[in-house]
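Here is what each chain is made of, one letter per residue.
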Amino acid sequence: MTLTNMQALGIVLAVTLGTVITRFLPFVLFPDSRPVPKIVEYLGRTLPAAMMGLLVVYCLRNVDIAAAPHGLPELIALAVVTGLHLWKGNVLLSIGVGTAVYMVLVQAVFV
């Protein structure tokens, strides 16, 4: 499917507008002069952990522990991510190293 120049421009403008709106809308809705609503504070505390749990379930949903390698690459990578995060407290480091460990395991160790 080939887009015309006007279609491509329209897509770029729509994405730009969406990005600008999502970046500035919180500052418009919750200025410094007004207190943040309790529900927003609650969601800010609970959603990050809920999203992490959702991502773990999503990543492990197709692991077959009955067939070789019995989920060992996933378990090892999960242990690396958890251990690194508890040790260093850096999410990007934990996820990056865990992903690299998993890729090495599934492409070189558990072939």
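Residues numbered from 1 in each chain as written. Predicted model: local features only at pLDDT ≥ 70, side-chain atom pairs only at ≥ 80, totals over all residues. Heavy atoms only, no water.

J.: Give me the overall build of the chain: which residues, what numbers.
T.: Per the secondary structure count, the chain includes four helices and zero strands. From first element to last, N terminus to C terminus, the chain shows the α and β order α-α-α-α. Expected size for 111 residues packed as a compact globule is a radius of gyration near 13 Å; at 21 Å, the chain overshoots this value by more than 25%. With the C-alpha coordinates aligned to their principal axes, the bounding extent of the chain is approximately 55 × 50 × 25 Å. Counting only residues that meet the buried cut, the chain has 7% of its 111 residues in that class. When contacts within the chain are restricted to residue pairs at least 6 apart in sequence, long-range pairs at least 24 apart make up 35% of them. Only carbon and sulfur atoms are counted for the fraction: they give 73% of the accessible area of the chain, which is about 9100 Å². (Helix = DSSP H or I, 4+ residues; strand = E, 2+ residues; numbered from the N terminus. Rg over C-alpha atoms; globule rule 2.2 N^0.38 Å. Buried < 20%, exposed > 50% of the residue type's maximum accessible area, 1.4 Å probe, protein only. Contact = heavy atoms within 4.5 Å. Areas by Shrake-Rupley, 256 points an atom, 1.4 Å probe, with all protein chains shown as cover.)

J.: Describe the confidence of the model for the chain, with residues and values.
T.: Mean pLDDT over the chain works out to 94, with 100% of the residues at or above the 70 mark. Ranking the elements of the chain by mean pLDDT puts helix H2 (residues 38–60) last with 93 and helix H1 (residues 5–29) first with 96. (pLDDT = per-residue confidence, 0-100.)

J.: Tell me about a nonpolar patch on the surface, and name the residues and values.
T.: Together, Val36, Ile39, Val40, Tyr42, Leu43, Leu47, Met51 and Leu54 give the surface a local cluster of nonpolar side chains, amounting to about 680 Å² of exposed area. Its place among the elements puts tyrosine 42 in helix H2. The partly exposed category is assigned to tyrosine 42, whose relative accessible area is 42%. (Patch = residues over 30% accessible without salt bridge, like charges linked within 9 Å, V, L, I, M, F, W, Y side chains within 5 Å. Salt bridge = Lys/Arg side-chain N within 4 Å of Asp/Glu carboxyl O.)

J.: An account of the layout of surface pockets is needed here, citing residue identities and associated values.
T.: Taken as a whole, the largest pocket encloses approximately 740 Å³ of empty space. Considering the residues around the largest pocket, the lining is formed by 19 residues, among which Val56, Cys59, Leu78, Val81 and Ile95 are closest to the centre. Of all the elements in the fold, those that place two or more residues in the lining of the largest pocket are H2, helix H3 (72–88) and helix H4 (91–109). The dominant element in the lining of the largest pocket, judged by the number of residues it contributes, is H4, at seven residues. Tallied by class, the residues present in the lining of the largest pocket amount to 13 nonpolar, five polar and one charged. (1 Å grid on protein atoms, 1.4 Å probe; cavity = no way out; pocket = protein on both sides within 12 Å on 5 of 7 lines; lining within 4 Å. Points joined across faces, edges and corners; volume = space filled by probe spheres on them. Nonpolar A, V, L, I, M, F, W, Y, C, P; charged D, E, K, R; others polar.)

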